[in-house]
Each structure stands twice: as structure tokens, then as C-alpha cells.
Amino acid sequence: MNWSLIWLVVFAGLLLGFGMMAVLVIINGARDIRRLLVHLEESDGSDGDQERSE
Amino acid sequence: MNEAARHALSQTNFGTIDTIIVVIYLLVSLGIGLSVKRYAGSMENYVGAGRKVGTWLGVATMTGTELGLVTVMYSAQKGFSGGFAAFHVGVIAGVGTLFVGLTGFIVGPLRRMEVLTIPEFYEKRFGKKIRVLGALVLVLAGVLNMGLFLQTGSMFIVGVTGMASEGEALKWVMVGLLSLVLIYTTLGGMISVILTDYVQFVVLSIGLLSATVLAIWQLGWSSIVTGVHAQLGDAGFDPTLEGSGFGWTYIFWMVVTTGFVGSAVWPTAVARALAMESEQAVRRQYCWSSLSFAARFIIPNFWGICALVYITATPAGADLQELFLPEQGNEPALENLYAMPVFVGRLLPTAFLGIVTAGMIAAFMSTHDSYFLTWSSVITQDIVAPLKKTPFATASRVRLTRILILLMGGYVLYWSLFYKGRQDIWDYMAVTGGIYFTGAFVVLMMGIYWKGTSSFGALLGLLSGLLMLLALEPVQTAVGLKYQTASGEWVERLTSPQIGLITVAISIVLTAIGSLVRPDRADSGPAGNETSHEASQSPHVSQHGSTAGETSS
């Protein structure tokens, strides 16, 4: 079995896949953060309203 | 340390510009962490970020958590000593995580049950006593597991900056890094952890990829392959050869530890899954994260390999050969964990080195914050809360979790300063983690997929994980499992992977026998035990969660 060739293929594939994933995560992750903060802001507000009504 | 060693270790391209880059990065991270403090009021937000984490942010935070600086260091160490053969660990990790993503193995049912922690599952399935016991074993293993994170991470910083040549630098770097992480984790909880994880992912991925490309460009792929062959022979490529330091037993052990446990059972990874907005998002997160789970081993392995080649086959690294690979009879070798950071410090140009170092500090921080938060919230949610007779207010829970984080910080500093073991860092991690996961893996898997698993079986399964303590090097030496011959050679009667595999087998057998001998009564709910006040009060646990029996196949 040619191990050095196997590891070359694995390594090259990994670098390519990881690079592609990094680009996708950086772009789409920023959008997810915006959504998360909007949600937290809303739940923060509704918690405050609830506390006031109590 | 002699003068030649001090001189060799002080050679680095790390300069003022790099320091500025690192400081700016640290300030930005701290600022982000503190800016979300106001959202951390409820326990669900503090521990689970309101369960509103989307897929891509989930991948970033999973990568940030699991690709820690300690991982980079121990994987580089494996690459340095094992060559390309070490790549098999990353391949197994990637394939295992992809399997979990495609099938939803363990994490799918857990997310459907809407539990926040693994011990919470134990309570729903087996009752309160198993929850507390499971949490105790988990915390014991988890806290031991992170004991060497600080020291190992700090070794990278002092190695890459040239500070390794100064005796006291390591201690001060440890204190500084630890303080920073404690501040933002204590105040912001999971929300700040996730947001800083994202920033850390950006810096880390750029640093990892660019440093790797630069290393290949500088050394040349064929020179690297030739260099490894010259040093390690075929064993540097074929992990099945016993002389490679791995072999089939080790590979099977890796299938358990990195293949399944690392992704589906390890609490810091599972905590990420349970914070996701849906089960579908969890599965997508795992499929994409399989690349990170492979990269977190293979890329640092490669850096370690490059360090080996740089030291043994290039004129520029010749002065390091006597330090790391001395001739027999000369001074003892320097800790080989330093090899990779010293190599990186010499290879990368100024400014670029600052970005990579910031990326590595990012890796350090993102792992520490998650581990601190996970273990402390397990103590609060799964040990203290179930045992309390009176209601446990949210504010008190958050306060206790913060105090526990600080206490753990003190422990980590103590352990980093005083623990003495000769195991490779990765093997130490696998062994300490095994105290928890050998039992938990079996109990979780059988609890989810076999209706017949009883609380008595779970009790035996969890306790059998404690056998893994026998694989910890100081314990092995104390009980005679490892001894030194008259010629000074160390001999192991049972290796750590063998003890690990035996423990998993014993756990499976005991869980099955215990469940058959003492099944739970059908009319008494989980294990015939009362559920805790916290669980019965929590809407996401009591109203929406399906029982494990419903998810059984």
C-alpha cells in the first residue's frame, strides 16, 4: 500500500475542504450572529415587560 | 537550561508588530465577551445561548471549542514523534463525526429531548440518583482532563515568542492567559463564548491554512516526505505497524475516543449540539464540523512533521537537533512539545507570525472558556440543583456557576504547575477523558437505543468507567502496571489503549447484566425515583421532551 500517496490525497482534500468550509462559516456565521442577537434582544425586552406586568 | 539551548530557543521572528497584533486581538475578544453580558440573565441563555444558534455559527463554535491550542500542541507532538502515520487519528475523527451528522447518533435523540446537559438525560431516563452520579464522574474526568491545557497552551506562546529561553516566563504567561479567559467567561456565559468563538474561528482558520501553505512552500512536499522516511522509516507512514507507536489496538482505541466519543459524547461538543435551534441544524453542524474534527488533528500533525524535518534535514534547524534529538549519553532531550512552536517562530515572517499566534491564542481561549462553562454548569445544574430541597433561583444558579468557574481556574493553574507525568499529552487526555466517557458512552448509547437499560445497569456502567484511572501514568506506576527495569527501560503490562478498550467492554457487559438482573419497575417512572425539583419545574424538560423509550429503535 502506498501510504505516502494516501496521506497526500487526504491532506490535500482536507485543506481544500477546510478552506471552503471556513469561507462559508465566516460569511454565514455573521448572519447567524445577527439573528441570535435580535432574538436575545427580543426575549430580553419581553422578559422586562413580563417583570413589569408582574 | 544551558547557554546553547537558551540561545537556540530565543531565535524567533516574533517582533513588536506581532505583539501589537496579538494585543489588539485580545482586546477585541475581551470587548465582545463583555458587551453581551446583559443577555446572560437566565440559565438557558447563560448555558445554552437561548437555544438559538444557527448552523454556521454552530460550526464556528464547535470548531473553536474542539480545535484548542492544547489539541494543536499534542497533535503536533504526535506528528513530530509518529510522522504521517499520526494522520489516522484525524481521519477517524472526521469519519466518526460525519457518521454522527448523517445518522444523528446519540445527539439527535438528545436534542429532541431538549435537555441542556447529558446528566439531565440520565435523570429523564434513569432518575435523579443516576443524574448526580453521572455528573460527578463527568466533572471528575472533565476537570482532570483540562488540567494540562494551560501549561501546554502556554508552552506554545513561550516557544513561538522566544520566551522559552527565560525560566519564569511560562508561569507568567499561564497566569495572564487564564485571567483573560476567566473574566469574559464568568461575565458573559455561553453567549460571549459563542460570539468570541466566531471571531476566534476567523483568526484561527486563516492562521492554520496560511501557515500550512507557507510551511509546504518553504520546505517542499517531497523533502518533507523524504525527511520523515529518513528519520522514521515505513513506521512514519503506516499506522498499523507496531513500531510506529500506534498499531491496531491504538487504532481501535481511537475509533472509540476520537471517532464517536469526541463528537457524540464529549460534553463540550454535545453542549454545542444542545444549543442549536433544531435537530436538523445539529446534523448539518456535525456534517460540516467533520472537516474541523479531522483538521484539528491533521494540520497540527503536519506542523509537527515539518518541525521534525526542519530540525533534522535543514541547515537552519541544525542547532536544534542536539536539543530535541540528542545523541545517546548527552544531555537529556528538551520537551518535544516545544519543537513545533520553535519551528513556527523561525519559519513565519514577522506580522504573519502575529496573526498565527493570535489564532493560536484564540484556540486556547475558545477551548478554555467552553470547558470552564461546561463543567461548572454541570455542577450547578446536575449536582447542586437536583440535591437542593428548596427551589434554586436563576440568579443563584448563575452566581454559583460563576464562582465555580473561578475555582476551576485556580485548580487548572495549580495542576499545570505541579502535575508530573511522562505520557504524551494526547494520551493523558484520552485516559482522563476515558474515566467519564467509557461509562457514559455505553450508558448513553444503551439508554437511548435499548429500552431494557435500567437505572441499576446505568449505575454499574458509569462506575466501571473509573477503571480508566488505572491508565493514568502515576497510578499505573503505583499499582505496578508500569515499572522500570534494571536497565532503566519502562515496561507496561497493559497499555492505556488496552485498558481503555477493556473498560468499554466491561461497561457494556455490566450495564447489560445489571439491566437484566434488576430491571426498572414499569409503574414507577424513571428508575422508580423522584425527579428533581429543577427538572419538574423546567418547561423544556418536562413538557416537550420525549422519553428515551420513545426514541428507542
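The shown structure was predicted, so the numbers you read here are calculated from the model rather than taken from an experiment.

> Honestly, the overall build of chain A in this entry has me stumped. Any pointers?
Along the backbone of chain A there are 1 helix and 0 strands. For chain A, buried positions account for 35% of its 54 residues. When the accessible surface of chain A is summed, it comes to about 3400 Å², and 62% of that surface belongs to carbon and sulfur atoms.

> Would you mind showing me how to read the overall build of chain B here?
A count of helical and extended segments in chain B gives 26 helices and 2 strands. For chain B, with 553 residues in total, the buried portion stands at 63%. Long-range pairs, those at least 24 residues apart, make up 84% of the contacts in chain B with a sequence separation of at least 6.

> Just checking my understanding: could you explain the packing of aromatic side chains for this structure?
By convention here, two paired aromatic rings are described through the distance between centres and the angle between planes. Counted according to the given criterion, the structure contains 29 aromatic pairs over all chains. Seen in terms of ring centroids, Phe 84 of chain B and Phe 237 of chain B are 5.4 Å apart; in terms of plane orientation they differ by 10 degrees. Their pairing is stacked. Of this pair, Phe 84 of chain B sits in the loop between α5 (69–82) and α6 (87–103) while Phe 237 of chain B sits in the loop between α12 (221–232) and α13 (248–265), and the two are 153 residues apart along the sequence. Taking relative accessible area as the criterion, Phe 84 of chain B reaches 1% and is therefore assigned buried. Seen in terms of ring centroids, Phe 105 of chain B and Phe 260 of chain B are 5.8 Å apart; in terms of plane orientation they differ by 70 degrees. Their pairing is edge-to-face. Taken together, the residues Phe 105 of chain B in the loop between α6 and α7 (107–113) and Phe 260 of chain B in helix α13 connect sequence positions 155 residues apart. Among the residues examined, Phe 105 of chain B registers a relative accessible area of 14% and is labelled buried. By relative accessible area, Phe 260 of chain B is classed as partly exposed at 23%. Pairwise contacts between aromatic rings join Trp 3, Trp 7 and Phe 11 of chain A together with Phe 84, Phe 87, Trp 221, Phe 237 and Phe 302 of chain B into one cluster. For the cation-ring pair, Lys 388 of chain B lies above Phe 392 of chain B, with the distance from its terminal atom to the ring centre recorded as 5.1 Å.

> Please clarify how the interface of chain B and chain A should be interpreted in this entry.
When the parts come together, some accessible area is lost, and that loss is often what is quoted as the size of the interface. Counting from both sides, the interface comprises 43 residues of chain B and, opposite them, 29 residues of chain A. Buried area between chain B and chain A, summed over both chains or domains, comes out near 3300 Å², and the portion from carbon and sulfur atoms is 81%. Between chain B and chain A we count 0 salt bridges in total. Here the element with the most residues in the side of chain B that touches chain A is helix α11 (residues 169–219) of chain B; it accounts for 10 residues. Of the residues that constitute the side of chain B that touches chain A, the class distribution is 30 nonpolar, 9 polar and 4 charged.

> I'm lost on the packing of helix α20 (residues 425–449) of chain B against helix α21 (residues 455–464) of chain B in this one. Help?
Helix-helix packing is described using two parameters, namely the angle between the two axes and the distance between the axes. All names here are of chain B. Their axes nearest at 6 Å, the elements α20 and α21 cross at an angle of 155 degrees. The angle between α20 and α21 falls in the class roughly antiparallel. Crossing of α20 over α21 shows right-handed handedness. On the side of α20, the interface is formed by Gly 439, Ala 440 and Val 443, while α21 contributes Ala 458, Gly 461 and Leu 462. Residues of the contact of α20 with α21, tallied by class, amount to 4 nonpolar, 2 polar and no charged.

> Please explain the packing of helix α4 (residues 55–66) of chain B against helix α18 (residues 352–387) of chain B as it appears in this structure.
Residue and element names in this part refer to chain B. At a closest axis distance of 7 Å, the pairing of α4 and α18 adopts a crossing angle of 95 degrees. Taken together, the axes of α4 and α18 are roughly perpendicular relative to one another. Between α4 and α18, the residues in contact are Gly 64, Thr 65 and Glu 66 and Ala 363, Ser 366, Thr 367, Ser 370 and Tyr 371, respectively. Tallied by class, residues from the contact of α4 with α18 come to 2 nonpolar, 5 polar and 1 charged.

> Please explain helix α8 (residues 118–126) of chain B as it appears in this structure.
Turn by turn, an α-helix covers 3.6 residues, leaving residues three or four places apart pointing in a common direction. All names here are of chain B. Judged by how many residues are buried, α8 sits mostly within the fold: 9 of 9 residues are covered. Taken together, the buried positions of α8 are occupied by Ile 118, Pro 119, Glu 120, Phe 121, Tyr 122, Glu 123, Lys 124, Arg 125 and Phe 126. One or two positions beyond α8, positive phi appears at Gly 127, with a value near 110 degrees.

> Before we go on, may I ask you to explain the pattern of salt bridges in this structure?
Should the charged atoms of two oppositely charged side chains come close, the side chains can pair. By the definition in use, this model includes 6 salt bridges over all chains. With its nearest N and O atoms 3.3 Å apart, the salt bridge here joins Asp 32 of chain A to Arg 35 of chain A. Within this pair, Asp 32 of chain A and its partner Arg 35 of chain A are both found in helix α1 (residues 3–53), separated by 3 residues, close to a single helical turn. Arg 131 of chain B is the partner of Glu 123 of chain B in a salt bridge, and the nearest nitrogen-oxygen pair spans 2.7 Å. For Glu 123 of chain B, a relative accessible area of 1% gives the class buried. Within the structure, one salt-bridge network assembled from shared partners comprises Arg 112, Glu 279 and Arg 283 of chain B.

> Would you mind showing me how to read unusual backbone geometry here?
When glycine is set aside, most residues are seen to have a negative phi, and most peptide bonds are trans. All names here are of chain B. Residues other than glycine seldom take positive phi values, yet Glu 114 does so here, at roughly 55 degrees. In this structure, Glu 114 sits in the loop between α7 and α8. Despite not being glycine, Ala 351 has its phi angle at roughly 80 degrees, a positive value. Mapped onto the elements of the fold, Ala 351 is located in the loop between α17 (339–347) and α18. Judged by relative accessible area, Ala 351 falls into the partly exposed class, the value being 26%.

> Please explain a nonpolar patch on the surface as it appears in this structure.
All names here are of chain B. On the surface, Leu 467, Leu 470, Val 479, Leu 494, Ile 502, Ile 506 and Leu 510 cluster together into a nonpolar patch covering about 480 Å² of accessible area. When residues of the nonpolar patch are assigned to their parent elements, the largest contribution, 3 residues, is made by helix α23 (residues 496–517). When you line up the elements, Leu 470 lands in the loop between α21 and α22 (473–479).

> What's the story with the nonpolar core in this structure? I'm lost.
Considering soluble globular proteins, one finds that nonpolar side chains tend to be buried as a cluster. Among the nonpolar cores identified, the biggest contains 191 residues, and Phe 84, Leu 110, Tyr 122, Val 265, Trp 303 and Tyr 436 of chain B are the most heavily contacted of them. With 23 residues, α11 of chain B is the largest single contributor of residues to this core.

> Teacher, can you tell me more about α5 of chain B here?
The end-to-end C-alpha distance of α5 of chain B, which contains 14 residues, comes to 19 Å, matching closely the 20 Å that a straight helix rising 1.5 Å per residue would cover. Among the 14 residues that make up α5 of chain B, 13 are buried, leaving the element largely enclosed by the rest of the structure.

> Would you mind going over the side chain of Ser 290 of chain B with me for this structure?
Residue and element names in this part refer to chain B. Tracing the sequence through the fold places Ser 290 in helix α15 (residues 279–313). The exposure class of Ser 290 is buried, given its relative accessible area of 9%. Contact partners of Ser 290, with chain neighbours within four places excluded, come to Gly 94, Thr 97 and Leu 98.

> Can you walk me through the side chain of Ser 205 of chain B in this structure?
As for its placement among the helices and strands, Ser 205 of chain B is situated in helix α11. Reaching out from Ser 205 of chain B, the side chain makes a polar contact with the backbone oxygen of Val 202 of chain B at a distance of 3.2 Å.

Criteria and cut-off values
Residues numbered from 1 in each chain as written. Chains lettered and ligands numbered in written order. Predicted model: local features only at pLDDT ≥ 70, side-chain atom pairs only at ≥ 80, totals over all residues. Heavy atoms only, no water. Helix = DSSP H or I, 4+ residues; strand = E, 2+ residues; numbered from the N terminus. Buried < 20%, exposed > 50% of the residue type's maximum accessible area, 1.4 Å probe, protein only. Areas by Shrake-Rupley, 256 points an atom, 1.4 Å probe, with all protein chains shown as cover. Contact = heavy atoms within 4.5 Å. Phe/Tyr/Trp six-rings, centres within 6.5 Å; stacked < 30°, edge-to-face > 60°. Lys NZ or Arg CZ within 6 Å of the ring centre and 35° of its normal. Buried area = accessible area lost by both parts, 1.4 Å probe. Salt bridge = Lys/Arg side-chain N within 4 Å of Asp/Glu carboxyl O. Nonpolar A, V, L, I, M, F, W, Y, C, P; charged D, E, K, R; others polar. Axes fitted to C-alpha atoms, helices over the stretch in contact; angles between N-to-C directions. Parallel < 35°, antiparallel > 145°, perpendicular 65-115°, else oblique. Left-handed = near helix turned anticlockwise from the far one by under 90°. Patch = residues over 30% accessible without salt bridge, like charges linked within 9 Å, V, L, I, M, F, W, Y side chains within 5 Å. Core = buried A, V, L, I, M, F, W, Y, C linked by side-chain atoms within 4.5 Å. Expected span 1.5 Å × (residues − 1). Polar contact = N/O pair within 3.5 Å; in protein donor to acceptor, adjacent residues only side chain to side chain.

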